[in-house]
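An overview of the molecular structure
One letter stands for each residue in the lines below.
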2 protein chains.
Amino acid sequence: MGECDFKVTIVGLGLIGASYGLALKKLSYKNVSGLDISSEILIKAEERGIITKGYLSAKEALKDSDLVIIALYPNETINFIKNNLNNFKSGVIITDTAGLKEEIVTKINSILPKDLEFIGGHPMAGREGKGIDMASGEIFKGASYILTPVKENSEENVELLSNLAYSMGCIKVIKIDPATHDNMIGYTSQLPHILAITLINSNECDSIDSFVGGGFKDLTRIAINNSSLWSELLIHNKHNLINSIDNFQKEVENIKRALINGDENFIKERFEEANIKRKGIQ
Amino acid sequence: MGECDFKVTIVGLGLIGASYGLALKKLSYKNVSGLDISSEILIKAEERGIITKGYLSAKEALKDSDLVIIALYPNETINFIKNNLNNFKSGVIITDTAGLKEEIVTKINSILPKDLEFIGGHPMAGREGKGIDMASGEIFKGASYILTPVKENSEENVELLSNLAYSMGCIKVIKIDPATHDNMIGYTSQLPHILAITLINSNECDSIDSFVGGGFKDLTRIAINNSSLWSELLIHNKHNLINSIDNFQKEVENIKRALINGDENFIKERFEEANIKRKGIQ
C-alpha cells in the first residue's frame, strides 16, 4: 500500500489540524477523515477540501484509520486516547502536535495496548490567530518538525512520520527525547510568548500608537494567539519555564544595575554578545 | 527659493544619514553635501549619489547650508553643534535624528545663538545593521517621524521639517515635547531592545537552532543593531527606562507566581488582554 492510500484521520480541525488536511491534500492523500465536535466546522472542512469526510463520532472516524493525527490541546490529547483505546484499529500509528511532550508521551504510553503505537510530534509551525479559517497548508514549509520517539516506538514508523514531515515542506526533522524537547521549547517558544504578552501588558501610557516602530511590532506579533492553548501549555511545562524565566529575569536585572551605575561598557558588551549570537541563528 | 534648491548638509553618513541622502535625491534636491570623518565613506557616498559633494571640514560643509541634518549619536550631536557655533550660516535650520530628545534639545538650546534654530527630530525609521552599506531611501516609507518643537522654534520651520518628512514617505508626523518623547520611546523602543538581547543572552542551552521558530526570530530580530549607539541611548534615558523595566519585571513576576500556583485562569486572562491590546495597534 502506498502512503497516499493510507486512511488518515485528523482529530480536531483547528489551525494545525486543518493545515495538516490542506498539506495532505496537496500530497494527493485520497482518504483523509476529520473528527471534530462541531458539525459546522466539519461541513466547512469538507466544502474546502480540507478533509474528504467529516465525523462527529470518534468510533466511526477511527475504525479503519492507519494514521491518526491528533491536533488537540495537551489535556484533550491524553483524554482522547484514553477514551478511545478500543476504537483504534490494531497496528495504527497515532501522533499528536502539542507543544509539550514529556507528560503526553509518558501518560499515553502507560495506558496504550501493545498493538497501538503513539509517536509524539510537534510541528514548529504556526501563525497568528487560531481556528480553521486561519489554516494553510503552507505553514509547514521551511519549518522544523520535532519527533520524540521512545523505546516503545519502531524505527520504521518514526521514519514514516519523518518522511511525511519532509514531504509537507519541513526542512528539518529533529528526533529528541520528550524531556529535552520540553526544556528547549520552554526557552525558545514559551518564554518568548510570555515576553510578548508582558511587553504589551506592562504599558502604562495612554496611547502608544505613534511611538510604535517595527521593533515593538516584531516583539509583540505572537501576542495574538490562542490564549486557552497557550495558558495550558505554560502550566504543564512550568518547571522548565520557571527556570527560563529566572535566567531571563537575572539578565534583565544585570542590565538594570548597569543602567543605574551608568556602566555603558557593560551594556555595550551585552548588545555585542547578543548581536553575534543572533547572527548565528539561521 | 523652492525647497529643492535648499542647500542641505547631512552630518554623519551612517545608516540614517545616508538613507536621508537617498531620500532627498529621490525628491530631486540638487545640493546635498555630506560631512563625515572618513574620506572613504565620502567617496562611496558621492559615487552612489547619496550626496552631491563630500566634506571632511565642518566649516566648509556648513558655510552656505540652509538646512543641516545631524545623524550622529546623542553625545556627538551636542558636541558637533557646540564646536561649530561659528560655522553655521545665520538663519540655518538644524535638526537631528537621535532617539533621545530632552537632553539634546535642552543642552543645544542653552548654547545656541538667536539666529540659529535647532528643532529636535527622531525618524522612527531604521533597519537591522548599521552603516552606509545598509542605507536605503525607503526606510522612511510608512514610518512615523517625531518632532519635538520647543518655545525657541518657529512654526514655519517646524512645518518645513514636517512637510519634508511626509514627502520622504512618512505616514505620520508627531509633534510632542522632548520629555514625553523620551518616556514613550523608553517603553516602545528601548525596552524591546533590552528584551531582545536579553532573550538571546539568557540562553543556557548548547544548540537551540532546531527549536527556534518564527516567534523567537521575531523577538530577537532587533538584537542585530548598532551596539555603541544603543548603549549610549539607553544610558542617557535611564530614568525613564528603569521605570519601564520595573513595570515589565513586575508583570513577569505575576506570571511566574501564577505558574507556581498553577493559576491557569490568571495566565489565560493576561494572554487575552495582550491579544486585544495587540490587535488595537496598527
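Predicted, not measured: the structure shown is a model, and the values here were computed from it. (Residues numbered from 1 in each chain as written. Chains lettered and ligands numbered in written order. Predicted model: local features only at pLDDT ≥ 70, side-chain atom pairs only at ≥ 80, totals over all residues. Heavy atoms only, no water.)

**A short note on the interface of chain A and chain B**
- Taken together, the contact pairs 83 residues of chain A with 83 residues of chain B.
- The largest share of the area that chain A buries against chain B comes from Tyr187, Phe211 and Phe271 of chain A, three residues that together contribute 11% of it.
- Joining chain A to chain B, the criterion identifies four salt bridges.
- Joining chain A to chain B, the criterion identifies 30 residue pairs in polar contact (both at pLDDT 80 or more).
- Mapped onto the side of chain A that touches chain B, the elements with two or more residues apiece are strand E7 (144-148), strand E8 (172-175), helix H7 (178-201), helix H8 (214-220), helix H9 (227-236), helix H10 (238-261) and helix H11 (264-279) of chain A.
- Looking at the side of chain A that touches chain B element by element, the count peaks at 16 residues for H10 of chain A. (Contact = heavy atoms within 4.5 Å. Buried area = accessible area lost by both parts, 1.4 Å probe. Salt bridge = Lys/Arg side-chain N within 4 Å of Asp/Glu carboxyl O. Polar contact = N/O pair within 3.5 Å; in protein donor to acceptor, adjacent residues only side chain to side chain. Helix = DSSP H or I, 4+ residues; strand = E, 2+ residues; numbered from the N terminus.)

**Considerations on empty space enclosed by the protein**
Residue and element names in this part refer to chain B.
- For the coordinates displayed, the defined rule picks out one cavity of 30 Å³ or more.
- As a volume, the largest cavity reaches approximately 40 Å³.
- Looking at the largest cavity, the residues that line it are Tyr20, Thr95, Tyr145, Leu147, Leu161, Ala165 and Met168.
- Contributions of two or more residues to the lining of the largest cavity are made by strand E7 (144-148) and helix H6 (155-167). (1 Å grid on protein atoms, 1.4 Å probe; cavity = no way out; pocket = protein on both sides within 12 Å on 5 of 7 lines; lining within 4 Å. Points joined across faces, edges and corners; volume = space filled by probe spheres on them.)

**Description of the sheet that holds strand E6 (residues 117-123) of chain B**
All names here are of chain B.
- Pairing in this open sheet of eight strands is mixed, and the strands run E3-E2-E1-E4-E5-E6-E7-E8 from one edge to the other. The strands lining the two open edges of the sheet, one partner per strand, are strand E3 (53-55) and strand E8 (172-175). Looking at each pair of strands side by side, their axes are set apart by 25° on average, direction ignored.
- Relative to E6, strand E5 (residues 93-96) runs parallel, the two sharing three bridges. Paired with Ile93 across the bridge in E6 is Glu117.
- Along the sheet, helix H1 (residues 15-26) makes contact with strand E1 (8-11), strand E2 (32-35), strand E4 (67-70), E6 and E7, crossing E1 at roughly 155°.
- Seen against the sheet, helix H7 (residues 178-201) touches E6 and E7 and runs at an angle of roughly 140° to E7. (Pairing = 2+ DSSP bridges. Axes fitted to C-alpha atoms, helices over the stretch in contact; angles between N-to-C directions.)

**A short note on the side chain of Thr198 of chain B**
- Inspection of the secondary structure assignment puts Thr198 of chain B in helix H7.
- For Thr198 of chain B, a relative accessible area of 1% corresponds to the buried category.
- Setting aside anything within four residues of it in sequence, one finds Thr198 of chain B in contact with Phe248, Glu251, Val252 and Ile255 of chain A. (Buried < 20%, exposed > 50% of the residue type's maximum accessible area, 1.4 Å probe, protein only.)

**Some words on the environment of Tyr20 of chain A**
Residue and element names in this part refer to chain A.
- By the secondary structure assignment, Tyr20 is in helix H1 (residues 15-26).
- For the pair Tyr20 and Glu264, spaced 244 residues apart in the sequence, the C-alpha separation amounts to 49 Å.
- Discounting residues that sit within four places of it in the chain, Tyr20 has contacts with Ile10, Ile69, Thr97, Phe140, Tyr145, Leu164 and Met168.

**Section: the nonpolar core**
- Of all hydrophobic cores here, the largest spans 76 residues; its most connected members are Leu259 of chain A together with Leu259 of chain B.
- Contacts of Leu259 of chain B, omitting those with residues within four sequence positions, involve Ile194, Leu234, Ile235, Lys238, Leu241, Ile242 and Ile245 of chain A together with Ile267 of chain B. (Core = buried A, V, L, I, M, F, W, Y, C linked by side-chain atoms within 4.5 Å.)

**Concerning the domain arrangement of chain A**
Residue and element names in this part refer to chain A.
- Taken domain by domain, chain A consists of domain 1 (3-176) and domain 2 (181-279).
- Here the C-alpha centre of domain 2 lies 31 Å away from the C-alpha centre of domain 1.
- Of the roughly 1400 Å² buried where domain 1 meets domain 2, counting both sides, 61% is carbon and sulfur surface.
- One can count zero salt bridges joining domain 1 with domain 2.
- Where domain 1 packs against domain 2, one counts seven residue pairs in polar contact (both at pLDDT 80 or more).
- Among the secondary structure elements, those contributing two or more residues to the side of domain 1 that touches domain 2 are helix H4 (74-83), helix H5 (102-111) and E7.
- Partitioned by chemical class, the residues of the side of domain 1 that touches domain 2 number six nonpolar, five polar and five charged. (Domains from an automatic or database assignment. Nonpolar A, V, L, I, M, F, W, Y, C, P; charged D, E, K, R; others polar.)

**Considerations on the relation of the copies chain A and chain B**
- Superposing chain A onto chain B requires a rotation of 180° together with a translation of 0.0 Å along the rotation axis, leaving an RMSD of 0.0 Å. Classification of the inter-copy transformation places it as that of a two-fold axis. Closest approach to the rotation axis among the C-alpha atoms of chain A is made by Leu219 of chain A, whose C-alpha sits 2.2 Å away.
- The fraction of interface residues of chain A whose copies in chain B are also interface residues reaches 100%, indicating that both copies meet through the same surface. (Least-squares fit on C-alpha atoms with pLDDT ≥ 70 in both.)

**Re H9 of chain A**
- Burial within H9 of chain A is extensive, with seven of its ten residues counted as buried.
- Taken as a whole, H9 of chain A has its buried residues at Ser227, Trp230, Ser231, Glu232, Leu233, Leu234 and Ile235 of chain A.
- Buried residues belonging to H9 of chain A abut H4, H7 and H10 of chain A together with helix H10 (238-261) and helix H11 (264-279) of chain B.

**Digging into the sheet that holds strand E1 (residues 8-11) of chain A**
Residues and elements named next belong to chain A.
- What the eight strands build is an open sheet, ordered E3-E2-E1-E4-E5-E6-E7-E8; its pairing is mixed. Every interior strand has two partners, whereas the edge strands, strand E3 (53-55) and E8, have only one. Between one strand axis and the next, the sheet turns through 25° on average, direction left out of account.
- As defined by bridge partners, E1 adjoins strand E4 (residues 67-70) across four bridges and the pair is classed as parallel. Residue Thr9 lies in a different strand from E4, and its bridge partner there is Val68.
- With respect to the sheet, H1 is in contact with E1, strand E2 (32-35), E4, strand E6 (117-123) and E7, its orientation differing from that of E1 by roughly 155°.
- On the sheet, H7 packs against E6 and E7 and is oriented at approximately 140° with respect to E7.

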